[in-house]
Every structure is written in structure tokens, then in C-alpha cells.
Number of protein chains: 2
Amino acid sequence: MKPSVVTIEPNGHFCSDCAVRDFAVCSSLDQAELREFEHLGRRVHFGTGETVFSEEDITTSFYNLLEGVMRLYKLLPDGRRQIVGFALPGDFLGMNLSGRHNFSADAIGPVTVCQFAKAPFGRFIEDRPHLLRRINELAIRELSQARDHMVLLGRRSADEKVATFLLGWRERLFALKGLPDTVPLPMSRQDIADYLGLTIETVSRTFTKLERHGTIEIIHGGISLLDPARVEALAAA
Amino acid sequence: MKPSVVTIEPNGHFCSDCAVRDFAVCSSLDQAELREFEHLGRRVHFGTGETVFSEEDITTSFYNLLEGVMRLYKLLPDGRRQIVGFALPGDFLGMNLSGRHNFSADAIGPVTVCQFAKAPFGRFIEDRPHLLRRINELAIRELSQARDHMVLLGRRSADEKVATFLLGWRERLFALKGLPDTVPLPMSRQDIADYLGLTIETVSRTFTKLERHGTIEIIHGGISLLDPARVEALAAA
DNA sequence: AAAGCCAATTGACTCAAATCAAATTTGGCG
DNA sequence: CGCCAAATTTGATTTGAGTCAATTGGCTTT
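Residues numbered from 1 in each chain as written. Chains lettered and ligands numbered in written order. Predicted model: local features only at pLDDT ≥ 70, side-chain atom pairs only at ≥ 80, totals over all residues. Heavy atoms only, no water.

## A short note on the interface of chain A and chain B
Listed as interface residues are 45 residues of chain A and, on the opposing side, 45 residues of chain B. Both faces combined, the contact of chain A with chain B buries some 4100 Å², and carbon together with sulfur accounts for 63% of it. Broken down residue by residue, the surface that chain A buries against chain B is led by R147(A), M150(A) and R155(A), which jointly contribute 20%. Our enumeration of links across chain A and chain B arrives at 10 salt bridges. Its salt-bridge partner being E126(B), residue R133(A) comes within 3.7 Å of it at the nearest N-O pair. Put simply, the parts of the chain that give the side of chain A that touches chain B at least two residues each are β5 (81–87), α2 (118–126), α3 (129–155) and α5 (189–196) of chain A. No other element matches α3(A), which puts 21 residues into the side of chain A that touches chain B. Considered class by class, the residues forming the side of chain A that touches chain B number 21 nonpolar, nine polar and 15 charged. (Contact = heavy atoms within 4.5 Å. Buried area = accessible area lost by both parts, 1.4 Å probe. Salt bridge = Lys/Arg side-chain N within 4 Å of Asp/Glu carboxyl O. Helix = DSSP H or I, 4+ residues; strand = E, 2+ residues; numbered from the N terminus. Nonpolar A, V, L, I, M, F, W, Y, C, P; charged D, E, K, R; others polar.)

## Concerning the protein's contact with DNA strand D
Residues in close proximity to DNA strand D total 15 residues, the closest being R189(A), T208(A), A158(B), T202(B) and R205(B). One nitrogen or oxygen atom from the side chain of R205(A) is found 2.8 Å from a base nitrogen belonging to DNA strand D. A distance of 2.5 Å separates a phosphate oxygen of DNA strand D from a polar side-chain atom of T202(B). Listed by contribution, the elements that provide at least two residues to the surface near DNA strand D are α6 (200–212) of chain A together with α6 (200–212) of chain B. Of the residues forming the surface near DNA strand D, the biggest block, four residues, is contributed by α6(A). The class makeup of the residues in the surface near DNA strand D is two nonpolar, eight polar and five charged. (Near = heavy atom within 4 Å. Polar contact = N/O pair within 3.5 Å; in protein donor to acceptor, adjacent residues only side chain to side chain.)

## Comments concerning the protein's contact with DNA strand C
The local shell around DNA strand C holds 15 residues, among which A158(A), T202(A), H220(A), R189(B) and T208(B) are the closest. The side chain of T199(A) places a nitrogen or oxygen atom 3.1 Å from a phosphate oxygen of DNA strand C. Between a phosphate oxygen of DNA strand C and a side-chain N or O atom of S204(B), the distance comes to 2.9 Å. Every element with two or more residues in the surface near DNA strand C is listed here: α6 of chain A together with α6 of chain B. The element best represented in the surface near DNA strand C is α6(B), accounting for four residues. Per-class residue counts for the surface near DNA strand C are two nonpolar, eight polar and five charged.

## Re the sheet that holds strand β10 (residues 222–225) of chain A
Residue and element names in this part refer to chain A. Strand order in the open sheet formed by three strands is β8-β10-β9, and the pairing between neighbours is antiparallel. Of all strands in the sheet, those bounded by a partner on one side alone are β8 (182–184) and β9 (216–219). If you compare each strand with its neighbour and ignore which way they point, the axes differ by 25° on average. For β8 and β10, the ladder comprises three bridges, and the chain directions are antiparallel. Each bridged residue has a counterpart across the sheet, and for P184 the counterpart in β10 is G222. Against the sheet, helix α4 (residues 158–177) makes contact with β8, β9 and β10, and its axis sits at roughly 90° relative to β8, the strand it touches most. (Pairing = 2+ DSSP bridges. Axes fitted to C-alpha atoms, helices over the stretch in contact; angles between N-to-C directions.)

## A short note on the packing of aromatic side chains
All names here are of chain A. If you walk through the whole model with that rule in mind, you get 28 aromatic pairs over all chains. Aromatic pair F62 and F121: ring centres 5.4 Å apart, planes at 70°, arrangement edge-to-face. Of this pair, F62 sits in strand β4 (residues 61–75) while F121 sits in helix α2, placing them 59 residues apart in sequence. Using a relative accessible area of 8% as the deciding quantity, one classes F62 as buried. Ring pairing ties together the aromatic residues F37, F62, F92, F116, F121 and F124, which thus form one cluster. Lying across the ring of F124, R128 places its NZ or CZ 3.8 Å from the centre. (Phe/Tyr/Trp six-rings, centres within 6.5 Å; stacked < 30°, edge-to-face > 60°. Buried < 20%, exposed > 50% of the residue type's maximum accessible area, 1.4 Å probe, protein only. Lys NZ or Arg CZ within 6 Å of the ring centre and 35° of its normal.)

## Brief notes about the pattern of salt bridges
Applying the stated rule across the entire model yields 36 salt bridges over all chains. Among the salt bridges present, the one from E142(B) reaches R147(A), with a minimum N-O distance of 2.9 Å. Taken together, the residues span two chains, with E142(B) in helix α3 (residues 129–155) and R147(A) in helix α3.

## Brief notes about the relation of the copies chain A and chain B
Superposition of chain A onto chain B requires a rotation of 180° combined with a translation of 0.0 Å along the rotation axis, giving an RMSD of 0.0 Å. This pairing of chains is accounted for by a two-fold axis. Interface overlap between copies is the fraction of interface residues in one copy that are interface residues in the other; for chain A against chain B it reaches 100%, indicating a shared surface. (Least-squares fit on C-alpha atoms with pLDDT ≥ 70 in both.)

## Some remarks on the packing of helix α4 (residues 158–177) of chain B against helix α5 (residues 189–196) of chain B
The relative placement of two packed helices is expressed as an angle between their axes plus a distance between the axes. Residues and elements named next belong to chain B. Put simply, α4 and α5 touch, their axes get as near as 10 Å, and they point 110° apart. On the basis of their axis angle, the class for α4 and α5 is roughly perpendicular. The interaxial crossing formed by α4 with α5 has right-handed handedness. Between α4 and α5, the residues in contact are K161, V162 and F165 and I192, Y195 and L196, respectively. Tallied by class, residues from the contact of α4 with α5 come to five nonpolar, no polar and one charged. (Parallel < 35°, antiparallel > 145°, perpendicular 65-115°, else oblique. Left-handed = near helix turned anticlockwise from the far one by under 90°.)

Right, here's the structure in full:
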């Protein structure tokens, strides 16, 4: 939110031992390409609540999220907010046709990104169709997720929205770091509400209701799925 | 809906005089490529209400919409439907990562598509990065639209939804065939409702309300924007 | 032109989620 | 530790959109 100090690493990082190497955009690059690629991106840190880029900003860079979680959102003129997604490590941000970002992105907690200046990155892609193909894959995956989210926003009840969110979030974390028995929720209730098209009060009430029924347990910074089958039933309905 | 007779043209069509030549995927191909491309696709007609492909179907083809309008939608197990978009001439359908369609597509009125078998099309792309780039552009454009639609579904009132829909639809038709003074609405009220995350009754009431205020006029098969500025104000809010 | 059919409209009523308003809990920090 | 500010929860009430139920209108069929 507040403009603040951003740490830029003085270099000395290698793609070859990058945590997201195997599933981010760069998974399409071979050893030789990787060494060249290394010079294009630089690691940048952002603190809690800082904005990485804003909607309507001229796109000067693309970002590969390495560590942390980001909220991606759009605002209406009167301040209503819709979170269009949460980004996790491996997600690639900033592609657009207009030359301007079409959503804003904030760090939720400390974040590390690999930042690429637009022009050199564009040149690098130019003669590397496999990288382009990888970017296309990521876009198509995003598109599919976006459509699923439209169904949630347009046609699901509050209970279903919350249940679906918990399962989907757990699933993404699972893919990233294996099955945790508790699901960390680094984002605020307001973020969850703005993601699900609800108010903060409704999200809170739904959580408490699920807890009273013994379906989940609300713990510090997250929840624990006591009865995943019950949650799945709610989400499926 | 009903499985029915689909007309397949016996050939004799040329990409070079195709109506969508300049803005569809094929806009990225040069004369020589186009002649080769011509053999990959074949024109297929669908009648009103016919399903071109269904969610979860194995993807055997991609489709380039040439004429008509299609509804793209997802269903929940209990039958609730969310229309994720309306396709117009020039739209490219069928891309996915899973090998299965992730939404269903019906013809709204008579439709002509250019159908490409998946494998040969994939092979054709292989060594033509400019075509891949074009497909990527289309995906990124769709993604941006999808995000806009999430904002509408999650954060806008019924009035705003309807106003935004009318303007957006008019805009798309405008880009296609120039400014019409009446906006044709080939889709049913139910389709509009399922697109906007509303009920048919709410859509109908909102239309009548707009008409009573002299903002629009409801005509057979469409509406006329009597006071576009008023509609824009409603949509902006 | 009457009957039948489906889509759209209109009206009366209900309800899920929003809004308004406290009360709590949590977290940061001197 | 104790205090303030922010986030979250909880409660009371309102309301926008949904549901249920006719009615209307446009076409097609006969």
C-alpha cells in the first residue's frame, strides 16, 4: 500500500538452484538458455502490503513469483474491490496486450519476485518458441481457472463459495509443498471476501458455522480441515 | 441441445475470401501459409440450439467461429448454469491443457465454424511461432475479459450488470460490423441471466425499468439505446 | 381464427446476504 | 506488561434479488 523501500539483491542468484525452476515459465528452458536467462531477471523483495504494480500502470516488467503470496485485484471507481486471484510461487504475472497492467498486485506478507524488463524479455522469447509455448500454457491454465471462478461468483451460495475456496486453496498449496494438515490462510478475511464476492461478515460467519459443526477448526493464521469430506460435499452441491 | 444433423460443406471455400480472415487466428498467416492452412479446416454448420462441444468431452478439434453467435457455459451438478462468454465471429475456441474441453458451447441461432482437427493443427503450429503468438494474444485477451467479468459477477448490482452487459455487447458488435442504432440480442433472457449471475425475472424487470425511464427501448430481438450516456453512468457507478 | 406453446413480463412474497452497530480478539510496540 | 489500533467476530435489522405464481405476448399448428 504505502510506497516503501524495496530490496534489490545485488545479484549472485542462479536459476539452476531456483525454487520454482521446475514449474515456472523457465521450466521450458535448457541449461544453456538458462544461463542467458539468468541475466535478464533480477530478484526483488517486497514487504507486507506493498504494491508490485497497479492496474493501468504502463507495463515495464514481467514478474515470476518466487516466494510468498500476492493478491491480484481490480477496483471499481467507488472503491469496491474484486480479487481476481491469489498468486503463488511459480506464477507468471504481467502479460497483457494493451501495454498496461489490467489488474493490480500486492504482496501479502514478504514476497520475492524475479523481475524481467519487458523489452529484453520480449526479445528473448522472440526466437524461442518453446518459451512462448510455455507462456501460452500458463495463460490457458489461468483462463480455465478464471472460468471456474466465474461459476463460483455467479452461481454459488456463500457456504459453497467458502467451501470451494478452502478446498481450492488447499489443493494449490498441496501441489506446491505437499499435504499440510492445516491450511495456512495468509490473506485477511477482507481479502477472502473480495475474492468470493462476499462481505467480511459473511465470510466470518460462515467460518464460525463450519467450526460449530465440527467441520473445520479455526487456528491462528489458517484453518484445519477436520472433515474434508463434509467440505467437499458443501462445495459440490 | 438435441443431437441433430450437421451440414458439412463439401469444400470449395478459400481462406483468402473468408469473412474473419483479418482478425481471427489466421490473421497471422501469409499468403503461402494460408493455402496450406486451407486444407486443415473445413466449414461446418450448426443449427439453433445445437451443441458444438460439451465440457469434459475429449478435445478432438479446435474451432474458429465464422458466422453466428455461440454461448459458452459451465454447469454445476445440480443444473445451475454460468455462461462464461458469448462467442462472435473471429473467436477461437477449444484450447485447453487437459485434453478435454473445460466448457460447453452451443449455437445461438445458425452458426458456421471452421473446424480443425487437433493433431494436424498442432503440427501446423509447431514450426510457426507467429501463429502461436497470435493464439497467445487471443488467450491473453480472453483472460482480460474474464477478469473484467469476475468484477461484474462479484461486485456489481443487477442494474450495473445489465447496463455493463448492454454496453459491452454493443461494443463488440460495433467492432465487428460498425455502429448499429439498435443492439440485436440474439440470446434469450435466460442466457443473459446466466451470463450476469442473475435470474431471468431480474433481467426482465431491469430491462422494463430502463425502458420506463426512457433509457432504452425494447424491440423485437434486441434493444435500442435511447440514452447511451445514461447507460454508461449506470455501468460506471 | 382458435388452440397450444414457449418466452417474457409482472406481481406478491421470501430469504440470503448486506448493512449497521457493537463487542471481542489480536497484534504491534514503547 | 499494558495500551492502542486494527482485524475479526457477533448480533440486530434491512434490503436487493430470488422464488413462486399468474398473466401476457408472439408464433406455429391445425
